[in-house]
Amino acid sequence: MQRMMDSVANNLANASTTGYKRDVLVFNDSFWQAVYGGKNDSLIGAVSAGPDAPYQATSFEVGSMRSTGSPLDIALSRPNQMFAVRAPSGVLYSRNGSFHVDNQGVLVNVDGLPVLDESKNPIQLPPGQVQIEPNGTILSGGQEAAKLGIYEGAFEKAGSNLYSGASVKPVSEPDLHWKTLEDSNVNTIEAMIEMITLGRSFEMAQKSIQSQDEQTQKLIESLQNR
């Protein structure tokens with residue numbers, strides 16, 4: 001319950017983060033144990049040690065598209081595709097297409113990390129009016145200047161709305177939305193309802209544990225008085 005509440009709280013905190021993908025926990029029963037008893041020590045049934053959340057997954061559903069009018073805003077229309085950026089730790093990936101040009105003429109993301117082309121090299125843009133085609137081609141002053149690198153594969157969150165990638169390959173014909181950003185795929189109302197439900201369930205679990213402790217204490221006391 002605590003881990004799930006933390007996950008939902010993090011989703012809510014990033015409900016307005018561009019390109020954010022919500023997290024979900026995957027649950028299963030951690031352990032089943034057969035119970036024997038009675039005069040013949042026969043099988044009574046089985047009990048579970050409770051649920052376990054072995055891993056956290058990411059939902060890559062595409063968020064809603066928001067028109068901005070900015071020539072350096074771009075959104076990906078398909079799930080499991082990312083832009084590539086150059087981070088201090090190496091190449092990472094992002095769904096946030098809010099870009100700008102720095103003082104050196106390099107295309108960078110909101111954190112100042114260079115955005116990469118198809119060859120995973122930083123994109124240098126000459127002065128001029130910028131236009132980005134649906135296939136990722138960047139025009140500056142009407143001339144082709146570069147092509148955005150769009151990659152697909154298996155992605156895992158690496159913090160700061162960035163992802164690491166395994167078996168990642170470039171997309172030859174991406175479908176991009178120009179002057180548009182992709183909003184977070186977190187449904188705020190659903191997440192708030194889920195948080196309230198989890199809070200109540202957490203409280204019920206606490207009361208159940210307290211009740212079990214009290215019954216165990218009474219049992220111990222009754223055995224001591226025999």
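Right above here is the structure, for reference.
Because the structure is predicted, anything quoted here is derived from the model rather than measured.

Colleague: How do you make sense of the packing of aromatic side chains when you look at a structure like this?
Modeller: For any pair of aromatic rings, geometry is given as the distance between the ring centres together with the angle between the planes. On inspection of all chains with the given rule, the structure shows four aromatic pairs. Ring geometry for Phe83 against Phe99: centres 5.1 Å apart, planes inclined by 80°, an arrangement best described as edge-to-face. You can see Phe83 sitting in strand β7 (residues 81-87) and its partner Phe99 sitting in the loop between β8 (90-94) and β9 (100-101), a full 16 residues away along the chain. When its relative accessible area of 0% is taken as the criterion, Phe83 is described as buried. On the basis of an interplanar angle of 65° and a centroid distance of 5.9 Å, the ring pair of Tyr93 and Tyr151 is categorised as edge-to-face. Note that Tyr93 is positioned in strand β8 and Tyr151 in strand β14 (residues 150-159), a separation of 58 residues in sequence. Tyr93 sits in the buried class, given a relative accessible area of 4%. Under the relative-accessibility criterion, Tyr151 is labelled buried at 2%. Ring-pair connections join several aromatic residues into one group, and the members of that group are Tyr93, Tyr151 and Phe155.

Colleague: Help me out: how do you make sense of the pairing of β8 in this one?
Modeller: With four of five residues buried, β8 is to be regarded as a mostly interior element. Sheet analysis places β7 next to β8, joined by five bridges and oriented antiparallel. Its bridge partner lying in β8, Phe83 is registered against Ser94. In this antiparallel pair of consecutive strands, β7 and β8, the connection spans two residues.

Colleague: Even after reading the chapter, I still don't get the layout of surface pockets, so can you show me in this structure?
Modeller: Take a probe with the size of a water molecule and roll it over the atoms, and the empty space left behind shows itself. Space inside the largest pocket adds up to approximately 200 Å³. Asn11, Arg22, Asp23, Val24 and Glu194 are the residues nearest the centre of the largest pocket, which is lined by 15 residues in total. Contributing elements (two or more residues each) for the lining of the largest pocket: α1 (2-13), β1 (23-29) and α2 (188-224). Tallying contributions element by element places α1 first for the lining of the largest pocket, with four residues. Of the residues contributing to the lining of the largest pocket, the split by class is six nonpolar, four polar and five charged.

Rules behind the numbers
- Residues numbered from 1 in each chain as written.
- Predicted model: local features only at pLDDT ≥ 70, side-chain atom pairs only at ≥ 80, totals over all residues.
- Heavy atoms only, no water.
- Phe/Tyr/Trp six-rings, centres within 6.5 Å; stacked < 30°, edge-to-face > 60°.
- Helix = DSSP H or I, 4+ residues; strand = E, 2+ residues; numbered from the N terminus.
- Buried < 20%, exposed > 50% of the residue type's maximum accessible area, 1.4 Å probe, protein only.
- Pairing = 2+ DSSP bridges.
- 1 Å grid on protein atoms, 1.4 Å probe; cavity = no way out; pocket = protein on both sides within 12 Å on 5 of 7 lines; lining within 4 Å.
- Points joined across faces, edges and corners; volume = space filled by probe spheres on them.
- Nonpolar A, V, L, I, M, F, W, Y, C, P; charged D, E, K, R; others polar.

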